[in-house]
Amino acid sequence: MVRVSGDSSPRDVARRLREGMARGVLSFPLTAFHDDGSLDADGFRSHVADRLAAGPGALFPACGTGEFFSLDEDEYRRVVTVAVEETAGRVPVVAGTGYGWAQAARFARIAEEAGADALLVMPHYLVAAPQDGLAAQLEQLAARTRLPIVAYQRGQVAYTPATLRRIARVENVIGLKDGHSDLDRLQRLTLAAPEGFLFFNGASTAEMQARAYATVGVPAYSSAVHAFAPEIAGAFFTALRDGDHGTTDKLLRDFYVPFVELRDRVPGYAVSLVKAAARLRGQRVGPVRAPLTDPSPADLAELRTLLAAGLDLVGAAL
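Let me begin by describing the structure that accompanies this report. Computed from a prediction, not measured in an experiment: that's the story for all the values here.

What counts as what
- Residues numbered from 1 in each chain as written.
- Predicted model: local features only at pLDDT ≥ 70, side-chain atom pairs only at ≥ 80, totals over all residues.
- Heavy atoms only, no water.
- Pairing = 2+ DSSP bridges.
- Helix = DSSP H or I, 4+ residues; strand = E, 2+ residues; numbered from the N terminus.
- Buried < 20%, exposed > 50% of the residue type's maximum accessible area, 1.4 Å probe, protein only.
- Expected span 1.5 Å × (residues − 1).
- Contact = heavy atoms within 4.5 Å.
- Right-handed = clockwise from strand over helix to strand, strands pointing away.
- 1 Å grid on protein atoms, 1.4 Å probe; cavity = no way out; pocket = protein on both sides within 12 Å on 5 of 7 lines; lining within 4 Å.
- Points joined across faces, edges and corners; volume = space filled by probe spheres on them.
- Nonpolar A, V, L, I, M, F, W, Y, C, P; charged D, E, K, R; others polar.
- Core = buried A, V, L, I, M, F, W, Y, C linked by side-chain atoms within 4.5 Å.
- Axes fitted to C-alpha atoms, helices over the stretch in contact; angles between N-to-C directions.

**So, the sheet that holds strand β2 (residues 58-59)**
Thought 1: With parallel pairing, the three strands of this open sheet are ordered in space as β2-β1-β8. Both edges of this open sheet fall to β2 and β8 (222-223), since each of them pairs with a single strand only.
Thought 2: One ladder, built from two bridges, connects strand β1 (residues 26-27) with β8; its direction is parallel. The residue bridging Leu-26 from the neighbouring strand is Ser-222, located in β8.

**Here we look at unusual backbone geometry**
Thought 1: Cis geometry marks the peptide bond from Ala-290 to Pro-291; its omega dihedral reads 15°.
Thought 2: Of note, Pro-291 is situated in the loop between α11 (269-280) and α12 (297-313).
Thought 3: Positive phi is not limited to glycine here, since Glu-67 has a value of about 55°.
Thought 4: In this fold, Glu-67 is placed in the loop between β2 and α3 (73-87).
Thought 5: Look at Glu-67 and you get buried, because its relative accessible area is 5%.

**Observations concerning helix α2 (residues 41-53)**
Thought 1: Look at α2: 18 Å from first C-alpha to last across 13 residues, which is about the 18 Å you get at 1.5 Å a residue.
Thought 2: Of all the residues in α2, the buried ones are Ala-41, Gly-43, Phe-44, His-47, Val-48, Arg-51 and Leu-52.
Thought 3: If you follow the buried residues of α2, they end up packed against β1, β2, α3 and α9 (230-242).
Thought 4: Positive backbone phi, approximately 75°, marks Gly-55, located one or two places after α2.

**Side note on the pairing of strand β5 (residues 149-153)**
Thought 1: Of all five residues making up β5, five are buried, and the element is well covered by its neighbours.
Thought 2: Burial of β5 is two-sided: the residues Ile-149, Ala-151 and Gln-153 facing one way and the residues Val-150 and Tyr-152 facing the other way are all buried.
Thought 3: Sheet topology note: the strand β4 (residues 118-121)/β5 ladder contains three bridges and is parallel. What sits directly across from Leu-119, in β5, is Ile-149.
Thought 4: Taken together, the five bridges between β5 and strand β6 (residues 173-178) define a ladder with parallel strand orientation. Looking at β6, one finds that Tyr-152 is bridged to Lys-177.
Thought 5: Once the chain exits β5 it traverses helix α6 (residues 161-168) before rejoining the sheet at β6, and the crossover so formed is right-handed.

**With respect to empty space enclosed by the protein**
Thought 1: Applying the stated criterion to the full structure yields one cavity of 30 Å³ or more.
Thought 2: In this structure, the largest cavity occupies an estimated 90 Å³ of space.
Thought 3: Taken together, Val-121, Met-122, Pro-123, His-124, Leu-134, Gln-137, Leu-138, Ala-151, Tyr-152, Val-157 and Tyr-159 form the lining of the largest cavity.
Thought 4: Broken down by secondary-structure element, the contributors of at least two residues to the lining of the largest cavity are α5 (131-142) and β5.
Thought 5: Considering each element in turn, the lining of the largest cavity owes the most residues, three residues, to α5.
Thought 6: When the residues that make up the lining of the largest cavity are grouped by side-chain class, the tally is nine nonpolar, two polar and no charged.

**A short note on the layout of surface pockets**
Thought 1: If you add up the space inside the largest pocket, you get close to 830 Å³.
Thought 2: In terms of lining residues, the largest pocket is bounded by 33 residues, among which Gly-64, Thr-65, Arg-154, Ala-270 and Val-271 are the most central.
Thought 3: Elements supplying a minimum of two residues to the lining of the largest pocket: β8, α10 (245-263) and α11.
Thought 4: In terms of residue count, the dominant contributor to the lining of the largest pocket is α11 (three residues).
Thought 5: Among the residues making up the lining of the largest pocket, the classes are represented as 17 nonpolar, eleven polar and five charged.
Thought 6: Approximately 350 Å³ is the volume attributed to the second largest pocket.
Thought 7: Lining of the second largest pocket is provided by 14 residues; of these, Arg-11, Glu-171, Val-173, Ile-174 and Glu-195 occupy positions nearest its centre.
Thought 8: Secondary-structure elements contributing two or more residues to the lining of the second largest pocket are α1 (10-23) and β6.
Thought 9: Here the element with the most residues in the lining of the second largest pocket is α1; it accounts for five residues.

**Topic: the nonpolar core**
Thought 1: In terms of nonpolar packing, the biggest core is built from 73 residues, with Phe-60 and Tyr-76 touching the most fellow members.
Thought 2: A per-element tally of this core places helix α4 (residues 101-114) first, with seven residues.
Thought 3: If we ignore the near neighbours within four places in the chain, the residues touching Tyr-76 are Ala-62, Phe-68, Leu-71, Ala-95, Gly-96, Phe-107, Ile-110, Ala-111 and Leu-119.
Thought 4: Formed by 33 residues, the second largest nonpolar core is a distinct cluster that contains Tyr-221, Val-225, Ala-233 and Phe-236.

**Considering the sheet that holds β5**
Thought 1: Strands sit in the order β3-β4-β5-β6-β7 across an open sheet of five strands; the sheet is parallel. A single partner strand is all that each edge strand has here, and the edge strands are β3 (94-97) and β7 (198-201). With strand direction ignored, the average angle separating the axes of adjacent strands in the sheet is 25°.
Thought 2: Bridge count for β3 against β4 is four bridges, and the pairing is parallel. Paired with Ala-95 across the bridge in β4 is Leu-119.
Thought 3: The sheet strands contacting α1 are β3, β4, β6 and β7, and the helix crosses β7 at an angle near 35°.

Shown next as structure tokens:
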């Protein structure tokens, strides 16, 4: 297979990600499945092409929104390969990996072979761990891949400034995605990090905290909304960048807040609602895989109404 991505140094990948973060949201595409639960590679390809047409800063396939933890290794290979092929070097491709370091290294090798530019290392499975163990997890993985690594703190993973300094000394650890929304801790981490270390907001429905994150020097964020309504995600990003508080307030009040209230109604809706909304927009993404569940008919009807209203705010239609 001819690589079209994945051949740059950590410094180069960090630069490209930094430039992308300034230009647009970070897009986390949905993994498409057929109704029987099997992978729909063609549906995923179409979905990725549409996301790229909307101008994201980078593409993160097979991550949380992409149901990484439901994919086997063959499916993962196909997903990352399709993302790399469709992207064709236009934006960085950062593939998800996770579990313990040994299994994460297996996925990392697949991502490397598929041509990904970097890895997003999601929180390890189940157990709590001390700071030395959290650092060693990344060090063990970094020693087994040439790909640059972005760590993800969420759930049972939360780094101290000392640990952040330790992992930042690893040559191919280039950044941190934060899902805790603890701004005091995050400010301490940004101050402890070396110059050029990347940070971005990875909270669920990150637009809700985007202004607060920007105050501690972390303006970049991932956007699940980009997976189904890039018109809304793009309008919010532009308004936030330009300091248009009237538009950001209106989008937050009339779309994002009610969306989050619906999202919080059922565990797993952070993915299930996004996928259902993409289907409402005609995207061929299919259902979620268990243990996630698709929205109830009543919640789906509410989502349709909310989505139509949100699109109307930015001059688009369902």
